[in-house]
Amino acid sequence: MGGSTTAQRWVSRAQWLAGFTIAYNLLEGVVAIGFGLEEGSISLAGFGMDSLIEVASAGLVLWRFRGEQARGEGPAKERERRATLGIGVLFVLLATGVVLGAALQLAAGEHPRTTVPGAVVAAVSLAFMGWLWRAKKRAGEVLDSATVAKDAGCSLACFQLSAVLLAGSLVFWLAPALWWADAVAAVVLALFIGREGVETVRAARHEDFDGGCGCGG
C-alpha cells in the first residue's frame, strides 16, 4: 500500500514538473524566437526552438502517464518506447534546422544587431534549468522511467545550451568584430541537441529497451 502511494506521489510530481516545464518554456520560447528574429540572431532563435522542443518533451511525459491505472506497477513499455522515440526525433529535427540556419548565416556573412537579449534570456534560463534537471532526474530514477529520464536530459541540454548562448552573446558583445560568433554558438548548440537526439532514438529502438531509465543506482 505504502509503495503504491509513494509511486503515485512521484508520478504526480513528474506530471507537475512537466506542467511547469510547458508553461515556462512556452514563454521562454516565444520570447527567444521573437528577439532572435528581430535581432537576426540564429543562436537565440535556435535556443527558442529548443525551448519549444522541451515543451513537446514535457507534453510526452504527460501523455505517457495519462490514463494509467496501475501507477504503482511500473511504466508501460510500449508507451515509454514511443514517448522516448518521439523526444529523440524532435531533438534530431531541431539540430538539423539549427545547423542549416547557421550555415546560411555564415554564407551570407550576417550577424545579429545585438546579443543583449540572448544574454538576458540565457541567464534567466540558467537559473531555472539546473533545478528542473535535478528534479526530473530524481523522478526518473524513482519511477525507473525512460521518458522522464530523457525529459530530464532535455532540461540538462537546455542548461548547457543556455551556457553556450550566454558565452556566444558575451563574445559578440565584447568583440563585435567576431561577427561569426553567433553562428558558431548556434552550431555548438546543434551538436549538443543532435547528440542527445541520436542517443535517445538509439535507446528507444534497441531491442533490449525495457522502459527503464537506465539511471538507477
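(A) Up close: the side chain of Ser-57. With respect to the secondary-structure elements, Ser-57 resides in helix α2 (residues 42–65). When its relative accessible area of 0% is taken as the criterion, Ser-57 is described as buried. Engagement of the side chain of Ser-57 in a polar contact is seen with the side chain of Asp-151, the distance being 2.6 Å.

(B) Inspection of helix α4 (residues 116–143) at higher detail. Spanning 28 residues, α4 covers 40 Å between terminal C-alpha atoms, matching the ideal 40 Å at 1.5 Å per step. In the structure, α4 departs most strongly from a straight axis at Leu-126, where the bend amounts to approximately 30°. Within two residues after α4, Asp-144 carries a phi angle of roughly 50°, on the positive side.

(C) Summary view of the nonpolar core. Phe-47, Phe-91 and Ile-193 are the most contacted members of the largest nonpolar core, which has 31 residues in total. Among the secondary structure elements, those contributing two or more residues to this core are α1 (2–39), α2, α3 (77–108), α4, α5 (146–174) and α6 (181–205). The greatest single-element share of this core, amounting to seven residues, is contributed by α3. Apart from residues no more than four positions distant in its own chain, Phe-91 is found in contact with Asp-50, Ile-53, Cys-154, Ala-157, Ile-193, Glu-196 and Gly-197. Counting residues in each nonpolar core, the second largest holds ten residues, with Trp-10, Ala-18, Ala-139 and Leu-143 among its members.

(D) Highlighting the side chain of Arg-81. With respect to the helices and strands, the residue Arg-81 is situated in helix α3. The buried category is assigned to Arg-81, whose relative accessible area is 17%.

(E) Highlighting α2. An ideal rise of 1.5 Å per residue puts 34 Å on 24 residues; α2 measures up with 35 Å between its terminal C-alpha atoms. In terms of burial, α2 is a largely internal element, 17 of the 24 residues being buried.

(F) Local environment of the environment of Thr-200. Secondary-structure assignment places Thr-200 in helix α6. The spatial distance from the C-alpha of Thr-200 to the C-alpha of Thr-147 is 9.8 Å, given a sequence separation of 53 residues. The residues touching Thr-200, leaving out its near neighbours within four places in the chain, are Thr-84, Gly-88 and Lys-150. A distance of 2.7 Å separates a polar side-chain atom of Thr-200 from the backbone oxygen of Glu-196.

(G) Region of interest: the packing of α4 against α5. Viewed as axis vectors pointing N to C, α4 and α5 meet at an angle of 160°, and their least axial separation amounts to 7 Å. On the basis of their axis angle, the class for α4 and α5 is roughly antiparallel. Of the two possible hands of crossing, α4 and α5 adopt the one that is left-handed.

(H) Broad picture of the packing of aromatic side chains. Here the structure, examined in full by the defined rule, presents six aromatic pairs. Relative to Tyr-24, the ring of Phe-20 has its centre 6.4 Å away and its plane inclined at 5°; by these criteria the two rings are stacked. Of this pair, Phe-20 and Tyr-24 both sit in helix α1, four residues apart, roughly one helical turn. Take Tyr-24: its relative accessible area is 12%, and that puts it in the buried class. Pairing Tyr-24 with Phe-128 gives two aromatic rings, centres 4.7 Å apart and planes at 40°, and the pair type is tilted.

About the criteria used
Residues numbered from 1 in each chain as written. Predicted model: local features only at pLDDT ≥ 70, side-chain atom pairs only at ≥ 80, totals over all residues. Heavy atoms only, no water. Helix = DSSP H or I, 4+ residues; strand = E, 2+ residues; numbered from the N terminus. Buried < 20%, exposed > 50% of the residue type's maximum accessible area, 1.4 Å probe, protein only. Polar contact = N/O pair within 3.5 Å; in protein donor to acceptor, adjacent residues only side chain to side chain. Expected span 1.5 Å × (residues − 1). Bend = angle between axes of the 7 residues up to and from the residue. Core = buried A, V, L, I, M, F, W, Y, C linked by side-chain atoms within 4.5 Å. Contact = heavy atoms within 4.5 Å. Axes fitted to C-alpha atoms, helices over the stretch in contact; angles between N-to-C directions. Parallel < 35°, antiparallel > 145°, perpendicular 65-115°, else oblique. Left-handed = near helix turned anticlockwise from the far one by under 90°. Phe/Tyr/Trp six-rings, centres within 6.5 Å; stacked < 30°, edge-to-face > 60°.

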